[in-house]
Amino acid sequence: LAPTGTTFADLEDTIPDAYHDFLLGSRYVSLEPEFWRLAIDIREDRTDVFATAQAIMAHLHAHWRYEPNATGVHTTARDLLVDRRGVCQDFAHLM
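Let us look at the structure shown here. Here the structure is a predicted model, which is why all the values come from computation and not from measurement.

### Some remarks on the environment of arginine 78
Mapping arginine 78 onto the fold places it in helix H4 (residues 77–83). Beyond its immediate chain neighbours, meaning those up to four positions away, arginine 78 contacts Glu32, Glu34 and Phe35.

Structure, rendered in structure tokens:
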């Protein structure tokens, strides 16, 4: 069974302040406009959180390339957006 049924509207009032720090940008997780645009384009009109996560995963699988040694610990989110290749940690940062 897929954990569907949770909408983004459901989350707006339920995310505790304790998780706030995990929702901020960093050198590896970018909140720049290009990343937002990509996320919005992938989301389309989906309201279900799980369906959106699946769509993001499918997009990465279709448009990015898994390539060992293509990135390192100093690779930034911007590098990933340009090169569209990386390893597991890179794809986790993009998600």
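### Topic: the environment of tyrosine 19
Locating tyrosine 19 in the fold gives a position in the loop between helix H1 (8–12) and helix H2 (33–43). The spatial distance from the C-alpha of tyrosine 19 to the C-alpha of alanine 70 is 31 Å, given a sequence separation of 51 residues.

### A short note on the packing of aromatic side chains
Overall, the coordinates contain zero aromatic pairs when judged by the stated rule. The ring of phenylalanine 8 carries arginine 43 above its face, with NZ or CZ at 4.0 Å from the centroid. Sitting above the plane of the tryptophan 64 ring, arginine 84 keeps its charged end 4.3 Å from the centroid.

### Notes on the layout of surface pockets
Looking at the largest pocket, its volume works out to about 1100 Å³. As for the largest pocket, its lining consists of 29 residues, and the residues nearest its centre are Phe8, Trp36, Ala39, Ile56 and Met95. Listing elements by their share of the lining of the largest pocket, those giving two or more residues are H1, H2, helix H3 (49–63) and helix H5 (88–94). Take the lining of the largest pocket: its biggest share by element is seven residues, from H2. Of the residues assigned to the lining of the largest pocket, the class counts are 24 nonpolar, three polar and two charged.

Definitions and limits used
- Residues numbered from 1 in each chain as written.
- Predicted model: local features only at pLDDT ≥ 70, side-chain atom pairs only at ≥ 80, totals over all residues.
- Heavy atoms only, no water.
- Helix = DSSP H or I, 4+ residues; strand = E, 2+ residues; numbered from the N terminus.
- Contact = heavy atoms within 4.5 Å.
- Phe/Tyr/Trp six-rings, centres within 6.5 Å; stacked < 30°, edge-to-face > 60°.
- Lys NZ or Arg CZ within 6 Å of the ring centre and 35° of its normal.
- 1 Å grid on protein atoms, 1.4 Å probe; cavity = no way out; pocket = protein on both sides within 12 Å on 5 of 7 lines; lining within 4 Å.
- Points joined across faces, edges and corners; volume = space filled by probe spheres on them.
- Nonpolar A, V, L, I, M, F, W, Y, C, P; charged D, E, K, R; others polar.

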